[in-house]
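A closer look at the structure
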Amino acid sequence: MNTSDSEEDSYNERSALVQSESPTIPSYNQDHDMSLPQETDSKRRRPVSSGLDEPGPVERERASTPDGEEEELTLKYGAKHVIMLFIPVTLCMVVVVATIKSVSFYTEKSSQRLIYTPFEEDPNSVGQRLLNSFLNTIVMISVIVVMTIILVVLYKYRCYKFIHGWLILSSLMLLFWFSFMYLGEVFKTYNVAMDYPTLVMIIWNFGVVGMICIHWKGPLRLQQAYLIVISALMALIFIKYLPEWSAWVILGAISIYDLIAVLCPKGPLRMLVETAQERNEPIFPALIYSSAMVWMVGMADSSNPGSADERQRNEGRARAQEGVESEDDAAQGGRRRYSAEEDLEEDRGVKLGLGDFIFYSVLVGKAAATGGDWNTTLACFVAILIGLCLTLLLLAIFKKALPALPISITFGLVFYFSTDNLVRPFMDSLAAHQYYI
Amino acid sequence: MNLERIPNEEKLSLCRRYYLGGFAFLPFLWLVNVLWFFREAFLKPTYTEQLQIKSYVKKSALGLIVWVAVLTTWITIFQHFRAQWGEVGDYLSFTIPLGTA
(Lines give C-alpha, C1' and ligand atoms only; values in the text may rest on other atoms or scores of the structure.)
Protein backbone atom coordinates (compact mmCIF):
# COMPACT_ATOMS: atom_id res chain seq x y z
CA MET A 1 0.00 0.00 0.00
CA ASN A 2 1.34 3.30 -0.87
CA THR A 3 0.73 5.87 1.72
CA SER A 4 -0.04 9.30 0.62
CA ASP A 5 2.20 12.22 0.96
CA SER A 6 -0.05 13.76 3.47
CA GLU A 7 0.53 10.87 5.76
CA GLU A 8 4.20 11.28 5.53
CA ASP A 9 3.93 14.91 6.20
CA SER A 10 1.65 14.59 9.04
CA TYR A 11 3.87 12.25 10.77
CA ASN A 12 6.75 14.40 10.11
CA GLU A 13 5.02 17.39 11.39
CA ARG A 14 4.31 15.64 14.52
CA SER A 15 7.73 15.45 15.76
CA ALA A 16 8.33 18.10 18.17
CA LEU A 17 8.97 18.29 21.80
CA VAL A 18 7.42 21.31 23.16
CA GLN A 19 7.78 22.55 26.55
CA SER A 20 4.93 24.21 28.07
CA GLU A 21 5.55 26.65 30.62
CA SER A 22 5.01 26.10 34.13
CA PRO A 23 3.74 28.97 36.08
CA THR A 24 6.32 31.28 37.26
CA ILE A 25 7.46 30.87 40.71
CA PRO A 26 6.58 33.93 42.63
CA SER A 27 9.37 35.83 44.03
CA TYR A 28 9.57 36.05 47.71
CA ASN A 29 10.42 39.67 47.67
CA GLN A 30 6.92 40.79 47.91
CA ASP A 31 7.83 44.08 49.35
CA HIS A 32 9.23 45.30 46.09
CA ASP A 33 6.98 47.62 44.30
CA MET A 34 7.80 46.66 40.85
CA SER A 35 6.32 43.53 39.52
CA LEU A 36 8.71 40.87 38.68
CA PRO A 37 8.48 39.38 35.32
CA GLN A 38 8.70 36.01 36.45
CA GLU A 39 8.94 33.73 33.77
CA THR A 40 11.36 31.40 34.90
CA ASP A 41 10.14 28.98 32.54
CA SER A 42 10.32 29.38 28.98
CA LYS A 43 8.54 27.21 26.73
CA ARG A 44 10.48 25.28 24.52
CA ARG A 45 9.39 23.40 21.75
CA ARG A 46 11.41 21.01 20.16
CA PRO A 47 10.64 20.10 16.74
CA VAL A 48 11.52 16.62 16.18
CA SER A 49 12.85 16.23 13.04
CA SER A 50 11.34 13.34 11.91
CA GLY A 51 10.17 14.59 9.04
CA LEU A 52 7.82 17.13 9.26
CA ASP A 53 7.94 19.17 11.94
CA GLU A 54 5.44 21.07 13.04
CA PRO A 55 5.20 24.60 12.58
CA GLY A 56 6.67 26.82 14.97
CA PRO A 57 7.89 25.57 18.10
CA VAL A 58 7.70 28.61 20.06
CA GLU A 59 10.60 29.63 22.03
CA ARG A 60 10.19 31.73 24.93
CA GLU A 61 12.98 33.54 26.36
CA ARG A 62 13.49 34.04 29.90
CA ALA A 63 11.93 37.15 31.08
CA SER A 64 14.41 39.66 32.10
CA THR A 65 14.37 40.37 35.70
CA PRO A 66 14.62 43.84 36.95
CA ASP A 67 17.92 45.09 38.07
CA GLY A 68 18.96 44.10 41.45
CA GLU A 69 16.79 41.03 41.52
CA GLU A 70 18.38 37.72 41.77
CA GLU A 71 17.22 35.30 39.18
CA GLU A 72 16.00 32.14 40.58
CA LEU A 73 17.52 29.35 38.71
CA THR A 74 15.02 26.63 39.10
CA LEU A 75 14.47 23.61 37.02
CA LYS A 76 11.04 23.87 35.65
CA TYR A 77 10.67 20.30 34.92
CA GLY A 78 10.75 17.98 37.78
CA ALA A 79 9.87 14.35 38.21
CA LYS A 80 6.21 15.07 37.72
CA HIS A 81 6.69 16.30 34.18
CA VAL A 82 8.87 13.36 33.33
CA ILE A 83 6.19 10.99 34.54
CA MET A 84 3.57 12.92 32.59
CA LEU A 85 5.46 12.09 29.44
CA PHE A 86 6.49 8.58 30.39
CA ILE A 87 2.93 7.40 30.64
CA PRO A 88 1.78 8.25 27.12
CA VAL A 89 5.05 7.13 25.54
CA THR A 90 4.81 3.85 27.43
CA LEU A 91 1.18 3.38 26.46
CA CYS A 92 1.94 3.96 22.82
CA MET A 93 4.80 1.49 22.92
CA VAL A 94 2.70 -1.07 24.77
CA VAL A 95 -0.04 -0.84 22.15
CA VAL A 96 2.46 -1.25 19.34
CA VAL A 97 4.31 -4.16 20.95
CA ALA A 98 1.08 -5.92 21.92
CA THR A 99 -0.17 -5.63 18.36
CA ILE A 100 3.09 -6.81 16.87
CA LYS A 101 3.23 -9.81 19.11
CA SER A 102 -0.35 -10.89 18.57
CA VAL A 103 -1.40 -9.80 15.10
CA SER A 104 0.89 -11.39 12.58
CA PHE A 105 -0.17 -9.05 9.78
CA TYR A 106 2.23 -6.35 10.85
CA THR A 107 5.26 -8.60 10.77
CA GLU A 108 4.49 -10.29 7.47
CA LYS A 109 6.63 -9.02 4.72
CA SER A 110 4.53 -7.68 1.94
CA SER A 111 5.62 -7.19 -1.61
CA GLN A 112 4.30 -3.67 -1.52
CA ARG A 113 6.57 -0.97 -0.43
CA LEU A 114 6.15 2.66 0.32
CA ILE A 115 7.07 4.89 -2.56
CA TYR A 116 9.58 6.46 -0.24
CA THR A 117 11.71 3.35 -0.13
CA PRO A 118 11.94 2.30 -3.71
CA PHE A 119 15.02 0.14 -3.48
CA GLU A 120 14.38 -3.46 -2.75
CA GLU A 121 16.50 -5.14 -0.15
CA ASP A 122 18.04 -8.24 -1.59
CA PRO A 123 18.58 -10.75 1.18
CA ASN A 124 21.29 -12.55 -0.70
CA SER A 125 24.03 -10.02 -0.73
CA VAL A 126 25.02 -8.09 2.35
CA GLY A 127 26.75 -5.31 0.48
CA GLN A 128 23.88 -4.80 -1.92
CA ARG A 129 21.41 -4.83 0.91
CA LEU A 130 23.35 -2.26 2.85
CA LEU A 131 23.68 -0.07 -0.18
CA ASN A 132 19.99 -0.28 -0.95
CA SER A 133 19.04 0.56 2.59
CA PHE A 134 21.27 3.62 2.50
CA LEU A 135 19.71 4.66 -0.78
CA ASN A 136 16.24 4.17 0.67
CA THR A 137 17.24 6.31 3.61
CA ILE A 138 18.51 9.05 1.36
CA VAL A 139 15.24 9.05 -0.56
CA MET A 140 13.20 9.12 2.61
CA ILE A 141 15.21 11.84 4.28
CA SER A 142 15.13 14.00 1.19
CA VAL A 143 11.38 13.62 1.03
CA ILE A 144 11.24 14.68 4.64
CA VAL A 145 13.53 17.65 4.09
CA VAL A 146 11.49 18.78 1.11
CA MET A 147 8.26 18.49 3.05
CA THR A 148 9.73 20.40 5.95
CA ILE A 149 10.87 23.19 3.69
CA ILE A 150 7.47 23.33 2.02
CA LEU A 151 5.91 23.55 5.43
CA VAL A 152 8.22 26.37 6.50
CA VAL A 153 7.45 28.23 3.31
CA LEU A 154 3.72 27.75 3.74
CA TYR A 155 3.95 28.91 7.28
CA LYS A 156 5.99 31.93 6.39
CA TYR A 157 3.54 33.00 3.76
CA ARG A 158 0.66 32.40 6.09
CA CYS A 159 -1.10 29.75 4.08
CA TYR A 160 -2.77 28.48 7.19
CA LYS A 161 -5.80 27.13 5.42
CA PHE A 162 -3.64 24.86 3.33
CA ILE A 163 -1.80 23.54 6.36
CA HIS A 164 -5.03 22.98 8.24
CA GLY A 165 -6.55 21.17 5.29
CA TRP A 166 -3.46 19.02 5.01
CA LEU A 167 -3.60 18.12 8.69
CA ILE A 168 -7.28 17.33 8.57
CA LEU A 169 -6.81 15.12 5.55
CA SER A 170 -4.05 13.18 7.19
CA SER A 171 -5.95 12.72 10.44
CA LEU A 172 -8.93 11.56 8.45
CA MET A 173 -6.83 8.96 6.78
CA LEU A 174 -5.33 7.78 10.04
CA LEU A 175 -8.55 7.70 11.94
CA PHE A 176 -10.61 5.95 9.30
CA TRP A 177 -8.52 3.99 6.88
CA PHE A 178 -5.73 2.78 9.13
CA SER A 179 -8.03 1.94 11.99
CA PHE A 180 -10.25 0.02 9.56
CA MET A 181 -7.24 -2.02 8.46
CA TYR A 182 -6.18 -2.50 12.05
CA LEU A 183 -9.59 -3.71 13.19
CA GLY A 184 -9.82 -6.04 10.23
CA GLU A 185 -6.52 -7.65 11.10
CA VAL A 186 -7.36 -7.94 14.79
CA PHE A 187 -10.65 -9.64 14.00
CA LYS A 188 -8.97 -12.04 11.64
CA THR A 189 -6.36 -12.88 14.23
CA TYR A 190 -8.90 -13.65 16.89
CA ASN A 191 -11.22 -15.41 14.46
CA VAL A 192 -14.21 -13.26 15.27
CA ALA A 193 -17.10 -12.80 12.90
CA MET A 194 -17.89 -9.19 12.26
CA ASP A 195 -20.59 -7.79 10.09
CA TYR A 196 -20.42 -4.70 7.99
CA PRO A 197 -23.13 -2.65 9.72
CA THR A 198 -21.53 -2.97 13.14
CA LEU A 199 -18.11 -2.35 11.69
CA VAL A 200 -19.27 0.78 9.92
CA MET A 201 -20.79 2.04 13.15
CA ILE A 202 -17.60 1.39 15.08
CA ILE A 203 -15.30 3.02 12.56
CA TRP A 204 -17.64 5.94 12.02
CA ASN A 205 -17.94 6.67 15.71
CA PHE A 206 -14.27 6.23 16.39
CA GLY A 207 -13.28 8.43 13.49
CA VAL A 208 -15.73 11.27 13.94
CA VAL A 209 -15.25 11.56 17.69
CA GLY A 210 -11.51 11.44 17.07
CA MET A 211 -11.68 14.31 14.59
CA ILE A 212 -13.79 16.31 17.01
CA CYS A 213 -11.47 15.72 19.93
CA ILE A 214 -8.27 16.37 18.10
CA HIS A 215 -9.20 19.29 15.91
CA TRP A 216 -11.93 20.94 17.87
CA LYS A 217 -12.80 20.61 21.53
CA GLY A 218 -13.01 17.56 23.64
CA PRO A 219 -12.06 16.15 27.00
CA LEU A 220 -8.33 16.27 27.50
CA ARG A 221 -7.96 12.61 28.40
CA LEU A 222 -9.85 11.52 25.33
CA GLN A 223 -7.74 13.73 23.12
CA GLN A 224 -4.58 12.32 24.63
CA ALA A 225 -5.89 8.80 24.11
CA TYR A 226 -6.66 9.51 20.48
CA LEU A 227 -3.24 11.01 19.86
CA ILE A 228 -1.62 7.95 21.39
CA VAL A 229 -3.76 5.66 19.24
CA ILE A 230 -3.01 7.44 16.00
CA SER A 231 0.70 7.50 16.80
CA ALA A 232 0.55 3.77 17.41
CA LEU A 233 -1.31 3.19 14.13
CA MET A 234 1.22 5.23 12.22
CA ALA A 235 4.11 3.39 13.86
CA LEU A 236 2.54 0.06 12.91
CA ILE A 237 2.30 1.16 9.30
CA PHE A 238 5.95 2.08 9.32
CA ILE A 239 6.93 -1.18 10.90
CA LYS A 240 5.04 -3.09 8.25
CA TYR A 241 6.10 -1.21 5.19
CA LEU A 242 9.67 -0.19 5.83
CA PRO A 243 12.18 -2.83 4.77
CA GLU A 244 14.26 -4.35 7.54
CA TRP A 245 17.60 -2.70 7.33
CA SER A 246 16.24 0.50 5.87
CA ALA A 247 14.16 1.02 8.97
CA TRP A 248 17.19 1.04 11.26
CA VAL A 249 19.20 3.30 9.02
CA ILE A 250 16.23 5.63 8.65
CA LEU A 251 15.86 5.85 12.41
CA GLY A 252 19.47 6.81 12.76
CA ALA A 253 19.36 9.29 9.91
CA ILE A 254 16.24 10.96 11.23
CA SER A 255 17.82 11.55 14.60
CA ILE A 256 20.76 13.21 12.93
CA TYR A 257 18.46 15.28 10.76
CA ASP A 258 16.48 16.29 13.81
CA LEU A 259 19.62 17.46 15.52
CA ILE A 260 20.70 19.48 12.51
CA ALA A 261 17.31 20.93 11.70
CA VAL A 262 16.63 22.16 15.17
CA LEU A 263 19.99 23.40 16.29
CA CYS A 264 21.61 24.83 13.18
CA PRO A 265 20.85 28.49 12.58
CA LYS A 266 19.62 27.87 9.05
CA GLY A 267 17.77 24.71 9.85
CA PRO A 268 14.16 24.67 8.71
CA LEU A 269 12.81 23.78 12.07
CA ARG A 270 14.69 26.54 13.73
CA MET A 271 13.37 29.00 11.20
CA LEU A 272 9.91 27.77 11.99
CA VAL A 273 10.55 28.36 15.62
CA GLU A 274 11.69 31.85 15.01
CA THR A 275 8.83 32.68 12.71
CA ALA A 276 6.31 31.37 15.17
CA GLN A 277 8.00 33.28 17.90
CA GLU A 278 7.81 36.51 15.98
CA ARG A 279 4.16 35.98 15.42
CA ASN A 280 3.51 34.65 18.88
CA GLU A 281 1.57 31.77 17.56
CA PRO A 282 1.12 28.28 18.85
CA ILE A 283 1.87 25.08 17.11
CA PHE A 284 -1.06 23.24 15.64
CA PRO A 285 -2.43 21.17 18.48
CA ALA A 286 -3.27 18.27 16.25
CA LEU A 287 0.40 17.48 16.04
CA ILE A 288 1.42 17.91 19.61
CA TYR A 289 0.64 15.83 22.62
CA SER A 290 0.13 18.01 25.63
CA SER A 291 0.12 16.50 29.01
CA ALA A 292 -1.88 19.15 30.74
CA MET A 293 -4.09 21.98 29.90
CA VAL A 294 -2.27 25.10 29.21
CA TRP A 295 -4.07 27.79 30.91
CA MET A 296 -3.35 31.24 32.00
CA VAL A 297 -5.34 32.38 34.89
CA GLY A 298 -6.63 35.84 34.57
CA MET A 299 -6.05 36.05 30.89
CA ALA A 300 -8.16 38.64 29.28
CA ASP A 301 -8.41 36.69 26.12
CA SER A 302 -9.93 33.64 27.57
CA SER A 303 -13.33 35.09 26.98
CA ASN A 304 -12.99 34.65 23.28
CA PRO A 305 -15.79 32.33 22.44
CA GLY A 306 -16.69 30.57 19.28
CA SER A 307 -13.21 30.15 18.10
CA ALA A 308 -12.25 26.71 17.10
CA ASP A 309 -8.74 27.44 18.13
CA GLU A 310 -9.67 28.90 21.39
CA ARG A 311 -7.45 26.71 23.37
CA GLN A 312 -4.64 27.18 20.98
CA ARG A 313 -5.03 30.88 21.16
CA ASN A 314 -5.05 30.72 24.85
CA GLU A 315 -1.89 28.81 24.75
CA GLY A 316 -0.51 31.14 22.21
CA ARG A 317 -1.31 34.12 24.30
CA ALA A 318 0.02 32.50 27.36
CA ARG A 319 3.18 31.88 25.58
CA ALA A 320 3.10 35.21 23.99
CA GLN A 321 3.05 36.72 27.33
CA GLU A 322 6.26 35.26 28.08
CA GLY A 323 7.76 37.23 25.30
CA VAL A 324 10.63 39.51 25.65
CA GLU A 325 8.80 42.76 25.85
CA SER A 326 9.20 44.18 29.24
CA GLU A 327 5.73 45.52 29.61
CA ASP A 328 4.32 42.17 28.81
CA ASP A 329 6.65 40.72 31.27
CA ALA A 330 5.65 43.16 33.85
CA ALA A 331 2.00 42.59 33.22
CA GLN A 332 2.62 38.93 33.11
CA GLY A 333 4.64 38.96 36.20
CA GLY A 334 2.05 40.97 37.96
CA ARG A 335 -0.68 38.68 36.84
CA ARG A 336 1.24 35.63 37.66
CA ARG A 337 2.15 36.85 41.02
CA TYR A 338 -1.43 37.67 41.60
CA SER A 339 -2.57 34.31 40.50
CA ALA A 340 0.11 32.66 42.50
CA GLU A 341 -1.09 34.42 45.54
CA GLU A 342 -4.54 33.26 44.88
CA ASP A 343 -3.22 29.80 44.38
CA LEU A 344 -4.94 29.40 41.08
CA GLU A 345 -1.98 28.54 38.99
CA GLU A 346 -2.12 25.40 37.05
CA ASP A 347 0.83 23.45 36.01
CA ARG A 348 1.28 23.55 32.34
CA GLY A 349 2.80 20.26 31.77
CA VAL A 350 5.04 19.32 28.94
CA LYS A 351 4.35 18.82 25.32
CA LEU A 352 5.83 16.28 22.99
CA GLY A 353 5.36 16.07 19.28
CA LEU A 354 3.59 13.08 17.84
CA GLY A 355 6.47 12.25 15.55
CA ASP A 356 8.50 11.48 18.62
CA PHE A 357 5.89 9.02 19.78
CA ILE A 358 5.82 7.44 16.36
CA PHE A 359 9.55 6.92 16.05
CA TYR A 360 10.00 5.67 19.57
CA SER A 361 7.27 3.15 18.93
CA VAL A 362 8.79 2.17 15.61
CA LEU A 363 12.05 1.39 17.33
CA VAL A 364 10.50 -0.67 20.09
CA GLY A 365 8.09 -2.32 17.68
CA LYS A 366 10.87 -3.40 15.36
CA ALA A 367 12.80 -4.69 18.33
CA ALA A 368 9.76 -6.74 19.29
CA ALA A 369 9.19 -7.94 15.74
CA THR A 370 12.69 -8.93 14.85
CA GLY A 371 14.63 -8.92 18.06
CA GLY A 372 13.91 -12.38 19.12
CA ASP A 373 12.82 -12.20 22.68
CA TRP A 374 11.59 -9.89 25.35
CA ASN A 375 15.03 -8.91 26.61
CA THR A 376 15.65 -6.86 23.54
CA THR A 377 12.26 -5.22 23.61
CA LEU A 378 12.56 -4.29 27.24
CA ALA A 379 16.07 -3.01 26.78
CA CYS A 380 14.96 -0.71 23.97
CA PHE A 381 12.02 0.45 26.01
CA VAL A 382 14.24 1.36 28.95
CA ALA A 383 16.73 3.04 26.66
CA ILE A 384 14.08 5.26 25.16
CA LEU A 385 12.75 6.28 28.53
CA ILE A 386 16.21 7.11 29.76
CA GLY A 387 16.78 9.17 26.65
CA LEU A 388 13.51 10.99 27.20
CA CYS A 389 14.48 11.75 30.77
CA LEU A 390 17.82 13.17 29.72
CA THR A 391 16.21 15.19 26.99
CA LEU A 392 13.78 16.73 29.42
CA LEU A 393 16.64 17.51 31.74
CA LEU A 394 18.49 19.27 28.97
CA LEU A 395 15.34 21.09 28.08
CA ALA A 396 14.98 22.33 31.61
CA ILE A 397 18.57 23.48 31.68
CA PHE A 398 18.91 25.07 28.30
CA LYS A 399 15.41 26.45 27.90
CA LYS A 400 15.63 26.34 24.18
CA ALA A 401 14.03 24.35 21.43
CA LEU A 402 15.68 20.99 21.49
CA PRO A 403 15.19 17.88 19.40
CA ALA A 404 13.64 14.98 21.23
CA LEU A 405 14.74 12.16 18.98
CA PRO A 406 18.52 11.98 18.97
CA ILE A 407 19.33 10.92 22.50
CA SER A 408 16.53 8.39 22.83
CA ILE A 409 17.02 6.89 19.40
CA THR A 410 20.76 6.64 19.87
CA PHE A 411 20.37 4.86 23.17
CA GLY A 412 17.65 2.70 21.67
CA LEU A 413 19.77 1.66 18.72
CA VAL A 414 22.80 0.98 20.86
CA PHE A 415 20.79 -1.07 23.30
CA TYR A 416 19.02 -2.96 20.53
CA PHE A 417 22.12 -4.04 18.71
CA SER A 418 24.12 -4.79 21.79
CA THR A 419 21.31 -6.71 23.46
CA ASP A 420 20.55 -8.65 20.37
CA ASN A 421 24.12 -9.59 19.72
CA LEU A 422 25.68 -9.75 23.14
CA VAL A 423 23.15 -10.16 25.88
CA ARG A 424 20.83 -12.59 24.17
CA PRO A 425 23.35 -15.30 23.36
CA PHE A 426 24.74 -14.85 26.85
CA MET A 427 21.33 -15.31 28.48
CA ASP A 428 20.56 -18.21 26.19
CA SER A 429 23.68 -20.10 27.11
CA LEU A 430 23.14 -19.34 30.78
CA ALA A 431 19.67 -20.76 30.52
CA ALA A 432 20.91 -23.74 28.57
CA HIS A 433 23.39 -24.52 31.28
CA GLN A 434 20.85 -23.82 34.01
CA TYR A 435 23.11 -21.29 35.56
CA TYR A 436 21.20 -18.55 37.31
CA ILE A 437 22.67 -15.21 38.08
CA MET B 1 -9.87 21.18 27.32
CA ASN B 2 -10.61 21.84 30.87
CA LEU B 3 -14.23 22.47 31.72
CA GLU B 4 -13.31 24.40 34.80
CA ARG B 5 -11.99 27.28 32.88
CA ILE B 6 -14.62 28.11 30.39
CA PRO B 7 -17.63 30.25 31.09
CA ASN B 8 -21.00 28.67 31.61
CA GLU B 9 -22.54 29.77 28.35
CA GLU B 10 -19.79 28.01 26.51
CA LYS B 11 -20.27 24.87 28.52
CA LEU B 12 -23.92 24.90 27.57
CA SER B 13 -23.15 25.48 23.94
CA LEU B 14 -20.58 22.68 23.94
CA CYS B 15 -22.99 20.30 25.61
CA ARG B 16 -25.68 21.18 23.16
CA ARG B 17 -23.40 20.67 20.17
CA TYR B 18 -22.29 17.30 21.43
CA TYR B 19 -25.95 16.36 21.94
CA LEU B 20 -26.99 17.47 18.49
CA GLY B 21 -23.96 15.82 16.90
CA GLY B 22 -24.90 12.50 18.38
CA PHE B 23 -27.92 12.31 16.10
CA ALA B 24 -25.61 11.58 13.19
CA PHE B 25 -25.39 7.93 14.22
CA LEU B 26 -22.85 8.78 16.89
CA PRO B 27 -23.75 7.13 20.20
CA PHE B 28 -20.09 7.42 21.18
CA LEU B 29 -20.45 11.17 21.07
CA TRP B 30 -23.42 10.88 23.42
CA LEU B 31 -21.37 8.71 25.72
CA VAL B 32 -18.60 11.29 25.80
CA ASN B 33 -21.18 13.98 26.45
CA VAL B 34 -22.65 12.10 29.39
CA LEU B 35 -19.29 11.30 30.96
CA TRP B 36 -17.79 14.69 30.45
CA PHE B 37 -20.69 16.80 31.61
CA PHE B 38 -21.91 14.49 34.33
CA ARG B 39 -20.07 16.34 37.05
CA GLU B 40 -21.10 19.67 35.67
CA ALA B 41 -24.73 18.73 35.49
CA PHE B 42 -25.25 16.82 38.69
CA LEU B 43 -22.47 17.36 41.13
CA LYS B 44 -21.86 21.04 40.96
CA PRO B 45 -23.71 23.76 42.82
CA THR B 46 -26.50 25.21 40.76
CA TYR B 47 -25.92 27.90 38.22
CA THR B 48 -28.12 29.34 35.55
CA GLU B 49 -27.31 27.08 32.67
CA GLN B 50 -27.11 23.95 34.71
CA LEU B 51 -30.73 23.00 34.16
CA GLN B 52 -30.33 22.94 30.42
CA ILE B 53 -27.04 21.07 30.66
CA LYS B 54 -28.79 18.53 32.85
CA SER B 55 -31.51 18.03 30.26
CA TYR B 56 -28.97 17.56 27.49
CA VAL B 57 -27.05 15.05 29.54
CA LYS B 58 -30.21 13.14 30.32
CA LYS B 59 -31.31 13.12 26.70
CA SER B 60 -27.88 11.99 25.60
CA ALA B 61 -27.99 9.18 28.13
CA LEU B 62 -31.40 8.15 26.85
CA GLY B 63 -30.21 8.11 23.25
CA LEU B 64 -27.17 6.16 24.28
CA ILE B 65 -29.24 3.49 26.01
CA VAL B 66 -31.47 3.15 22.95
CA TRP B 67 -28.46 2.73 20.66
CA VAL B 68 -26.82 0.23 22.97
CA ALA B 69 -30.02 -1.82 23.02
CA VAL B 70 -30.33 -1.72 19.24
CA LEU B 71 -26.70 -2.65 18.65
CA THR B 72 -26.72 -5.43 21.23
CA THR B 73 -29.80 -6.91 19.69
CA TRP B 74 -28.40 -6.76 16.20
CA ILE B 75 -25.04 -8.22 17.22
CA THR B 76 -26.69 -11.06 19.10
CA ILE B 77 -28.94 -11.87 16.17
CA PHE B 78 -26.06 -11.72 13.74
CA GLN B 79 -23.66 -13.84 15.73
CA HIS B 80 -26.31 -16.45 16.40
CA PHE B 81 -27.86 -16.74 12.99
CA ARG B 82 -24.94 -15.91 10.75
CA ALA B 83 -24.17 -19.45 9.78
CA GLN B 84 -27.78 -20.22 9.02
CA TRP B 85 -28.27 -17.32 6.75
CA GLY B 86 -26.00 -18.73 4.11
CA GLU B 87 -25.33 -16.29 1.38
CA VAL B 88 -26.83 -13.28 3.08
CA GLY B 89 -24.70 -14.01 6.13
CA ASP B 90 -21.54 -14.06 4.07
CA TYR B 91 -22.52 -10.92 2.27
CA LEU B 92 -22.97 -9.09 5.55
CA SER B 93 -19.75 -10.40 7.03
CA PHE B 94 -16.58 -8.44 7.11
CA THR B 95 -14.57 -11.27 8.57
CA ILE B 96 -15.62 -14.85 8.49
CA PRO B 97 -14.12 -17.09 11.15
CA LEU B 98 -12.21 -20.03 9.89
CA GLY B 99 -12.83 -23.56 10.97
CA THR B 100 -16.45 -23.23 11.98
CA ALA B 101 -19.68 -23.78 10.12
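Residues numbered from 1 in each chain as written. Chains lettered and ligands numbered in written order. Predicted model: local features only at pLDDT ≥ 70, side-chain atom pairs only at ≥ 80, totals over all residues. Heavy atoms only, no water.

**Things to note about the overall build of chain A**
- Helix and strand counts for chain A come out as 13 helices and five strands.
- Burial status across chain A gives 58% buried among its 437 residues.
- Considering only residue pairs separated by 6 or more positions, chain A has 81% of its internal contacts joining residues 24 or more positions apart.
- Accessible area for chain A stands at about 17,400 Å²; split by element, carbon and sulfur atoms hold 65% of it. (Helix = DSSP H or I, 4+ residues; strand = E, 2+ residues; numbered from the N terminus. Buried < 20%, exposed > 50% of the residue type's maximum accessible area, 1.4 Å probe, protein only. Contact = heavy atoms within 4.5 Å. Areas by Shrake-Rupley, 256 points an atom, 1.4 Å probe, with all protein chains shown as cover.)

**What about the packing of aromatic side chains?**
Residues and elements named next belong to chain B.
- According to the stated counting rule, one finds 26 aromatic pairs over all chains in the structure shown.
- Where W74 meets F78, the ring centres are 5.9 Å apart and the plane angle is 35°; that geometry is what we call tilted. Taken together, the residues W74 and F78, both in helix α3 (residues 50-81) and four residues apart, mark about one turn of the helix.
- On the accessibility criterion, W74 (24% relative accessible area) is partly exposed. (Phe/Tyr/Trp six-rings, centres within 6.5 Å; stacked < 30°, edge-to-face > 60°.)

**Considering the packing of helix α3 (residues 126-156) of chain A against helix α4 (residues 160-189) of chain A**
Residue and element names in this part refer to chain A.
- Running from amino to carboxyl end, α3 crosses α4 at an angle of 135°, the nearest separation of the two axes being 8 Å. Classed by the angle they form, the pair α3 and α4 counts as oblique. From α3, M147, L151, L154 and Y155 reach across to α4, where they touch Y160, F162, I163 and W166.
- For the contact of α3 with α4, the per-class residue count stands at eight nonpolar, no polar and no charged. (Axes fitted to C-alpha atoms, helices over the stretch in contact; angles between N-to-C directions. Parallel < 35°, antiparallel > 145°, perpendicular 65-115°, else oblique. Nonpolar A, V, L, I, M, F, W, Y, C, P; charged D, E, K, R; others polar.)

**A few points about the UniProt feature "transmembrane region" (unreviewed entry) in chain B**
- In the numbering adopted here, UniProt assigns the feature "transmembrane region" (unreviewed entry) to residues 18-39 and 60-81 of chain B.
- Secondary structure across residues 18-39 of chain B comprises 77% helix and 0% strand; the distance between its end C-alpha atoms is 16 Å. (UniProt positions renumbered as here; feature names shortened; annotations may be inferred.)

**Here we look at α4 of chain A**
Residues and elements named next belong to chain A.
- With 30 residues, α4 extends 42 Å between its outermost C-alpha atoms, agreeing within 8% with the 44 Å of an ideal straight helix rising 1.5 Å per residue.
- Its axis deflected by about 30° at S179, α4 carries its strongest bend there.
- Immediately downstream of α4, the backbone of N191 shows phi near 55°, a positive value. (Expected span 1.5 Å × (residues − 1). Bend = angle between axes of the 7 residues up to and from the residue.)

**Brief notes about the interface of chain A and chain B**
- Between chain A and chain B, the contact holds 34 residues from the first and 30 residues from the second.
- The junction of chain A with chain B conceals about 2,900 Å² of combined surface from both sides, 65% of it contributed by carbon and sulfur atoms.
- Taken together, chain A and chain B are joined by zero salt bridges.
- The tally of links from chain A across to chain B stands at twelve residue pairs in polar contact (both at pLDDT 80 or more). (Buried area = accessible area lost by both parts, 1.4 Å probe. Salt bridge = Lys/Arg side-chain N within 4 Å of Asp/Glu carboxyl O. Polar contact = N/O pair within 3.5 Å; in protein donor to acceptor, adjacent residues only side chain to side chain.)

**Focus: the pairing of strand β5 (residues 350-353) of chain A**
Residues and elements named next belong to chain A.
- By the alternation rule, side chains of β5 split into V350 and L352 and K351 and G353, which are all buried.
- Looking at chain direction, strand β4 (residues 288-290) and β5 are connected through three bridges and run antiparallel. Counterpart to Y289 in the pairing with β5 is L352. (Pairing = 2+ DSSP bridges.)

**A few points about the state of the cysteines**
Residues and elements named next belong to chain A.
- Throughout the structure, instances matching the rule amount to zero disulfides over all chains.
- A disulfide-free cysteine, C380 has its sulfur positioned 15 Å from the sulfur of C92, the nearest such atom.
- The exposure class assigned to C380 is buried, which follows from its relative accessible area of 0%. (Disulfide = S-S within 2.5 Å.)

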